[in-house]
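The chain contents come next:
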Amino acid sequence: MVVLTGIFWYASAMAGNFYIGKISRSNNSEVLFSQSIDVDNVRIGKVNSKSKDSKEVVNERSGDPCGLLAKWGLVLDEWKNDNAKHEMSPAEILVLATEENDGNVVTMLAKMQIAQRLITDGQKWNGDFEYRLLESMSYGGNQADRYRWYGYAPNMVGESYQNALEESRGLTFKQTFLKSTDNQGDWHAFKQVYAICAWFINQHLGLQTTYRTIPSSSGFYHDFSVTSENRDKYVQAVQLFFEAVGSPLADKELFKKSGTSSIINYDASEKFCQCQ
């Protein structure tokens, strides 16, 4: 039996300049999973989601609300025909974004938790879920033209691209993390979250491979690497992980539903991404 005890979440997560001040948390959100977790017996709960009749859907949420992916000339055919907008689940998008730039699925999961707490807190926030979803990795958050990366899928593709770019420049993964993460978390917290995610994905991947929960610099870049042959296994493992921790990203229909109009009005005539 493997028990992970006292893995506390203490990094501050701010959605760039969208939210000024302390993010309010639910009573149990200080802990990543729980204070003591028997990870051999993680219970997989049913995700409750309220589907809406298509006639009622307004303020249409999208995985790529600004239509950025079509402009980037991405390698994988799966991005074509605007599939990322409404046809892919959050788990599928994360895995494909990792594959696009030969990255590490677990690194992406851990960075998403560090940056926006999209795994543990989700829709329990007081009204800024749409902003966090829009900048899932906080990628480009310090740039004046941050809208270039808006959207769950573009932000993930941008993050995987930046990791690959910094590796090509000779940076260690820790250097890359500290350069791109800024005040969205710290290295120690990232490694803790990574270890939990790595253990779970190792156990549920269904492949004859096992990766270290605290890898080398190259391992942070390339362990849990996605190929066309193992892609489906990764999607299943990430989906199971989202369900196990009760993340709103477990909802496979997330991008087929309406957004929260009081936070981001995707249907507004003056869109947040209109200035491209």
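The structure presented is a predicted model; accordingly, all values stated were derived computationally and were not measured.

Student: Before we go on, may I ask you to explain helix 6 (residues 173-181) in this structure?
Tutor: Residues lying three or four places apart along an α-helix face the same way, a consequence of the helix completing one turn every 3.6 residues. Every buried residue of helix 6 is accounted for by F173, T176, F177 and T181. In a view along the axis of helix 6, the buried residues occupy a sector of 105°, so they form one face of it. Looking at the buried positions of helix 6, the neighbouring elements they touch are helix 3 (105-116), helix 5 (152-168), helix 7 (187-204) and helix 8 (217-222).

Student: What exactly am I supposed to notice about the environment of Q175 here?
Tutor: With respect to the secondary-structure elements, Q175 resides in helix 6. On a C-alpha basis, the gap between Q175 and W187 in space is 9.9 Å, while along the polypeptide they are 12 residues apart.

Student: Just to check I follow, could you spell out helix 7 for this structure?
Tutor: Here helix 7 is 18 residues long and its end C-alpha atoms lie 26 Å apart, about the 26 Å a rise of 1.5 Å per residue gives. For helix 7, the complete set of buried residues consists of W187, A189, F190, V193, Y194, I196, C197, A198, W199, F200, I201 and N202. Capping of helix 7 at its N-terminal end is provided by D186; its side-chain oxygen lies 3.1 Å from the backbone amide nitrogen of H188.

Student: Help me understand the packing of aromatic side chains, please; the structure alone is not making it clear to me.
Tutor: By convention here, two paired aromatic rings are described through the distance between centres and the angle between planes. Counted by the stated rule, this structure contains 16 aromatic pairs. For the pair F173 and Y221, a centre-to-centre distance of 5.3 Å together with 85° between the ring planes defines the contact as edge-to-face. Taken together, the residues F173 in helix 6 and Y221 in helix 8 connect sequence positions 48 residues apart. Residue F173 shares its accessibility class with Y221, and that shared class is buried.

Student: Any chance you could explain the packing of helix 5 against helix 6 here in plain terms?
Tutor: Two elements in contact, helix 5 and helix 6, have axes whose closest approach is 10 Å; the angle formed by their N-to-C orientations is 130°. With respect to their mutual orientation, helix 5 and helix 6 come out oblique. The handedness of the crossing between helix 5 and helix 6 comes out as right-handed. From helix 5, E159, N163 and E166 reach across to helix 6, where they touch F173, T176, K179 and S180. Residues of the contact of helix 5 with helix 6, tallied by class, amount to 1 nonpolar, 3 polar and 3 charged.

Student: How should I be thinking about the nonpolar core in this particular structure?
Tutor: Nonpolar side chains tend to gather and get buried jointly when the protein is soluble and globular. W79, L94, L109, M112, I201 and F242 are the most contacted members of the largest nonpolar core, which totals 59 residues. Taken together, the elements giving at least two residues each to this core come down to helix 2 (90-100), helix 3, helix 4 (129-134), helix 5, helix 6, helix 7, helix 8 and helix 9 (231-245). Look past the residues within four positions of L109 in its chain and what remains in contact with it is L94, I119, C197, I201, V238, F241 and F242. The next biggest cluster of nonpolar side chains, apart from the first, holds 7 residues, and it includes C66, L68, I264 and C273.

Student: Explanation requested: the pattern of salt bridges in the structure shown.
Tutor: For side chains bearing opposite charge, pairing can occur when the charged atoms are close. Scanning the model with the defined rule gives 12 salt bridges in all. Its salt-bridge partner being R231, residue E78 comes within 2.9 Å of it at the nearest N-O pair. With a gap of 153 residues between them, E78 in the loop between strand 2 (36-38) and helix 1 (83-86) and R231 in helix 9 connect regions that are remote in the sequence. You can call E78 partly exposed: its relative accessible area is 29%. Overall, R231 belongs to the buried group, its relative accessible area being 15%. A salt bridge links K179 to E166, with the shortest nitrogen-to-oxygen separation between them at 2.9 Å. In this pair, K179 sits in helix 6 while E166 sits in helix 5, placing the two residues 13 residues apart along the sequence. You can call E166 buried: its relative accessible area is 2%. Overlapping salt bridges bring together E78, E99 and R231 as one network.

Student: Can you walk me through the packing of helix 3 against helix 7 in this structure?
Tutor: The axes of two packed helices give the description: the angle between them and the distance between them. For the pair helix 3 and helix 7, interaxial distance at closest approach is 9 Å and the crossing angle is 135°. Accordingly, the angle class assigned to the pair helix 3 and helix 7 is oblique. Note on packing geometry: the crossing formed by helix 3 with helix 7 is right-handed. On helix 7, the residues that touch V106, T107, L109, A110, K111, Q113 and I114 of helix 3 are A189, F190, V193, Y194, C197, A198 and I201. The class makeup of the residues in the contact of helix 3 with helix 7 is 11 nonpolar, 2 polar and 1 charged.

Rules of the game
Residues numbered from 1 in each chain as written. Predicted model: local features only at pLDDT ≥ 70, side-chain atom pairs only at ≥ 80, totals over all residues. Heavy atoms only, no water. Buried < 20%, exposed > 50% of the residue type's maximum accessible area, 1.4 Å probe, protein only. Helix = DSSP H or I, 4+ residues; strand = E, 2+ residues; numbered from the N terminus. Arc of directions from axis to C-beta. Contact = heavy atoms within 4.5 Å. Expected span 1.5 Å × (residues − 1). Polar contact = N/O pair within 3.5 Å; in protein donor to acceptor, adjacent residues only side chain to side chain. Phe/Tyr/Trp six-rings, centres within 6.5 Å; stacked < 30°, edge-to-face > 60°. Axes fitted to C-alpha atoms, helices over the stretch in contact; angles between N-to-C directions. Parallel < 35°, antiparallel > 145°, perpendicular 65-115°, else oblique. Left-handed = near helix turned anticlockwise from the far one by under 90°. Nonpolar A, V, L, I, M, F, W, Y, C, P; charged D, E, K, R; others polar. Core = buried A, V, L, I, M, F, W, Y, C linked by side-chain atoms within 4.5 Å. Salt bridge = Lys/Arg side-chain N within 4 Å of Asp/Glu carboxyl O.

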